[in-house]
Amino acid sequence: MRVVVTGGAGFIGSALVRYLVLDRGWDVLNVDKLTYAANLQSLATVANKNNHKFVHADICDADAMARTIAEFQPDAVMHLAAESHVDRSIMSSAEFIKTNILGTHVLLEASRHYWDRLSAERRENFRFLHVSTDEVYGSLEPGCFFVESTAYDPRSPYSASKASSDHLVSAWRETYGLPALITNCSNNYGPYHFPEKLIPLVLLNALEKRPLPVYGDGRQVRDWLYVEDHVKALTLVLERGRVGETYNVGGRAPMENISVVERICDVLDALRPDGESRRKLITFVADRPGHDRRYAIDPSKIETELGWRAQNTFETGIEATIRWYLNNEWWWRPLREGVYSGARLGLLPSQQDGAGALAEQVV
Ligand code: NAD
């Protein structure tokens, strides 16, 4: 297989590239703009492999996308490039609209024109896989789960931009026949995760004995999936998924944020004891504006149709993640000291006083 992966220097993209290049032996062309969220160090193990090529390009650049795809002659495009952090989308939405919506449009058009000119057999086998999020479905009541037919109800600039991109992909499938599929996945965690997201932020703050910021009352529910299980799901959907279908991907691990933070403290205390329990560092801070209360995926479709199942539980995945961060300070230390040191993101101006000011102090 020859595959273009967009966003392959990011968290999930780099896990996907490592899996395809090292475990599957596929030829991968990795297209990434190298925003703050990208890290070429995450690709160290594939950097010298003949079946991995990197192209520094913006998916919004129509000429670059058309040229890159035409030259590489892929059998598939796996589209992960995006602005991905909800808090940043609250502070500054323009890049989210540009990359997530307009960039997806550019990539769809470049893929369509390329696909149109393929031989009949290659046209039949070509696939465009769009990687999206469960956040497009909005917030759930307790006890409910997202299924593929759940109505879209995005609440944040990030989720609205991803919802728009999902609709574009569906429209390109219906209107032009582009053989596209969509996956909507729950929250990922694992090695090489940029430390602005909850799990790596808490883990590294706990290691450094800094306050562990928990938004609001900490009772928001997220459904956690180990990133290596996600990339296997993406590959399976690409290989065996039915064209035009959506597959929800989740690890059947819905948990309250506070429980996730406590679990990180406990595993870290066990692996690297440091006197007192790190739970003492937990600090409740101003909630995220419009914070969705509960996400939880019902992954029955991908499990029964394609035989995928998450191989990690939250317990095994979080321990593997914590061990990885303990052993790979070379990867995260420069990020903490350079790109992002843990400051609070995503507060509205009206929240900058009171609870907001507290939040600014504690992280
Ligand atoms: P990430 O922020 O870690 O990485 C995104 C990558 O895209 C970065 O390498 C960045 O440089 C690149 N990129 C951004 N704008 C670009 C542009 N204009 N052109 C080319 N490259 C660009 O994100 P992630 O967490 O790895 O998420 C990857 C995809 O999976 C996203 O589409 C996201 O919406 C989706 N997703 C993420 C999660 C999650 O929990 N992280 C869950 C479900 C779905």
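Residues numbered from 1 in each chain as written. Predicted model: local features only at pLDDT ≥ 70, side-chain atom pairs only at ≥ 80, totals over all residues. Heavy atoms only, no water.

Caption draft 1: The arrangement of the overall build of the protein in detail. Looking only at helices and strands, one finds 13 helices and 13 strands in the protein. Here the C-alpha atoms of the protein give a radius of gyration of 20 Å, agreeing with the 21 Å that 2.2 N^0.38 yields for 363 residues. Counting only C-alpha atoms and orienting by the principal axes, one finds that the protein spans roughly 65 × 45 × 40 Å. Out of the 363 residues in the protein, the part that is buried amounts to 56%. Intrachain contacts of the protein at a sequence separation of at least 6 include 82% that bridge at least 24 residues. Surface summary for the protein: the accessible area is close to 14,600 Å², and the carbon and sulfur share equals 49%. Charge centroids of the protein, computed over 40 positive and 47 negative side chains, lie 3 Å from each other. (Helix = DSSP H or I, 4+ residues; strand = E, 2+ residues; numbered from the N terminus. Rg over C-alpha atoms; globule rule 2.2 N^0.38 Å. Buried < 20%, exposed > 50% of the residue type's maximum accessible area, 1.4 Å probe, protein only. Contact = heavy atoms within 4.5 Å. Areas by Shrake-Rupley, 256 points an atom, 1.4 Å probe, with all protein chains shown as cover. Lys, Arg positive; Asp, Glu negative; His and termini not counted. Charge placed at Lys NZ, Arg CZ, Asp CG, Glu CD.)

Caption draft 2: Structural detail: the pattern of salt bridges. If you walk through the whole model with that rule in mind, you get 29 salt bridges. In this structure, Glu95 and Lys98 form a salt bridge, with 3.8 Å as the shortest nitrogen-oxygen distance. Taken together, the positions of Glu95 and Lys98, both in helix α4 (residues 94-116) and three residues apart, correspond to about one turn of that helix. You can call Lys98 partly exposed: its relative accessible area is 36%. In this structure, Arg112 engages Glu109 in a salt bridge whose closest nitrogen and oxygen atoms are separated by 2.8 Å. (Salt bridge = Lys/Arg side-chain N within 4 Å of Asp/Glu carboxyl O.)

Caption draft 3: Examining the sheet that holds strand β2 (residues 27-32) more closely. On the basis of which strands lie adjacent, the open sheet formed by seven strands has the order β3-β2-β1-β4-β5-β6-β11 and parallel pairing. The outermost strands of the open sheet, each flanked by one partner alone, are β3 (52-56) and β11 (246-249). The average undirected angle you get between the axes of adjacent strands in this sheet is 20°. As defined by bridge partners, strand β1 (residues 2-6) adjoins strand β4 (residues 76-79) across four bridges and the pair is classed as parallel. (Pairing = 2+ DSSP bridges. Axes fitted to C-alpha atoms, helices over the stretch in contact; angles between N-to-C directions.)

Caption draft 4: Structural detail: the environment of Val21. For Val21, the position within the fold is in helix α1 (residues 11-23). Once you skip the residues sitting within four places of it in the chain, Val21 turns out to touch Trp26, Val28, Val46, Lys49, Asn51 and His52.

Caption draft 5: Quick peek at the pairing of strand β8 (residues 212-215). Going residue by residue along β8, you find Leu212 and Val214 tucked away on one face and Pro213 and Tyr215 tucked away on the opposite face as well. Pairing of β8 with strand β13 (residues 282-285), which is carried by four bridges, proceeds in the parallel orientation. Looking across to β13, one finds that Leu212 is bridged to Ile282.

Caption draft 6: Representation of the site of the ligand in the model. Contacts to the ligand come from 29 residues, most closely from Ile12, Asp32, Ser84, Tyr158 and Lys162. Between an oxygen atom of the ligand and a side-chain N or O atom of Ser84, the distance comes to 2.7 Å. Separating an oxygen atom of the ligand from a side-chain N or O atom of Lys162 is a distance of 2.6 Å. Burial of the ligand by the protein amounts to 97% of the accessible area it has alone, namely 830 Å². (Near = heavy atom within 4 Å. Polar contact = N/O pair within 3.5 Å; in protein donor to acceptor, adjacent residues only side chain to side chain.)

Caption draft 7: Local environment of the packing of helix α7 (residues 198-207) against helix α9 (residues 257-271). Running from amino to carboxyl end, α7 crosses α9 at an angle of 40°, the nearest separation of the two axes being 10 Å. Taken together, the axis directions place α7 and α9 in an arrangement best described as oblique. Like other packed secondary-structure pairs, α7 and α9 cross with a definite hand, here right-handed. Packed against α7, whose contacting residues are Leu198, Ile199, Val202, Leu203, Ala206 and Leu207, the element α9 presents Asn257, Val260, Val261, Ile264 and Leu268 at the interface. (Parallel < 35°, antiparallel > 145°, perpendicular 65-115°, else oblique. Left-handed = near helix turned anticlockwise from the far one by under 90°.)

Caption draft 8: Structural view of the environment of Glu135. With respect to the helices and strands, Glu135 occurs in the loop between β5 (127-133) and α6 (157-176). Taking C-alpha positions, Glu135 is 7.7 Å from Ser186, a pair spaced 51 residues apart along the chain. Separated by 3.5 Å, the side chains of Glu135 and Tyr295 make a polar contact.

Caption draft 9: Seen up close, the confidence of the model for the protein. For the protein, per-residue confidence averages 93 on the pLDDT scale, and 95% of positions sit at 70 or higher. A low-confidence stretch, residues 353-363 (pLDDT under 50), is modelled with 22 contacts involving residues beyond four sequence positions or located in other chains. (pLDDT = per-residue confidence, 0-100.)

Caption draft 10: A look at helix α8 (residues 227-240). An ideal rise of 1.5 Å per residue puts 20 Å on 14 residues; α8 measures up with 20 Å between its terminal C-alpha atoms. Most of α8 is tucked away, with 10 of its 14 residues classed as buried. Considered for burial, the residues of α8 that qualify are Val227, Asp229, His230, Val231, Ala233, Leu234, Thr235, Leu236, Val237 and Leu238. (Expected span 1.5 Å × (residues − 1).)

Caption draft 11: Structural view of the state of the cysteines. Taken as a whole, this structure holds zero disulfides when the rule is applied. Distance from the sulfur of Cys185, which forms no disulfide, to the nearest cysteine sulfur (Cys144) is 20 Å. Residue classification places Cys185 among the buried positions, given a relative accessible area of 3%. (Disulfide = S-S within 2.5 Å.)

Caption draft 12: Focus on the packing of aromatic side chains. Evaluated as defined, the whole model comprises 15 aromatic pairs. For the ring pair Tyr192 and Trp324, a centre distance of 4.5 Å and an interplane angle of 50° mean the geometry is tilted. Of the two residues, Tyr192 sits in the loop between β7 (188-189) and α7 while Trp324 sits in helix α11 (residues 314-327), which places them 132 residues apart along the sequence. For the residue pair Tyr192 and Trp324, the accessibility class agrees, reading buried in each case. Seen from their ring centres, Tyr325 and Trp331 are 6.4 Å apart, and the 85° between their planes marks the pair as edge-to-face. Using a relative accessible area of 0% as the deciding quantity, one classes Tyr325 as buried. On the accessibility criterion, Trp331 (3% relative accessible area) is buried. Chaining the aromatic ring pairs together yields one cluster made of Tyr137, Phe146, Tyr152 and Tyr295. One residue, Arg294, lies across the ring of Phe145, its end atom 5.1 Å from the ring centre. (Phe/Tyr/Trp six-rings, centres within 6.5 Å; stacked < 30°, edge-to-face > 60°. Lys NZ or Arg CZ within 6 Å of the ring centre and 35° of its normal.)

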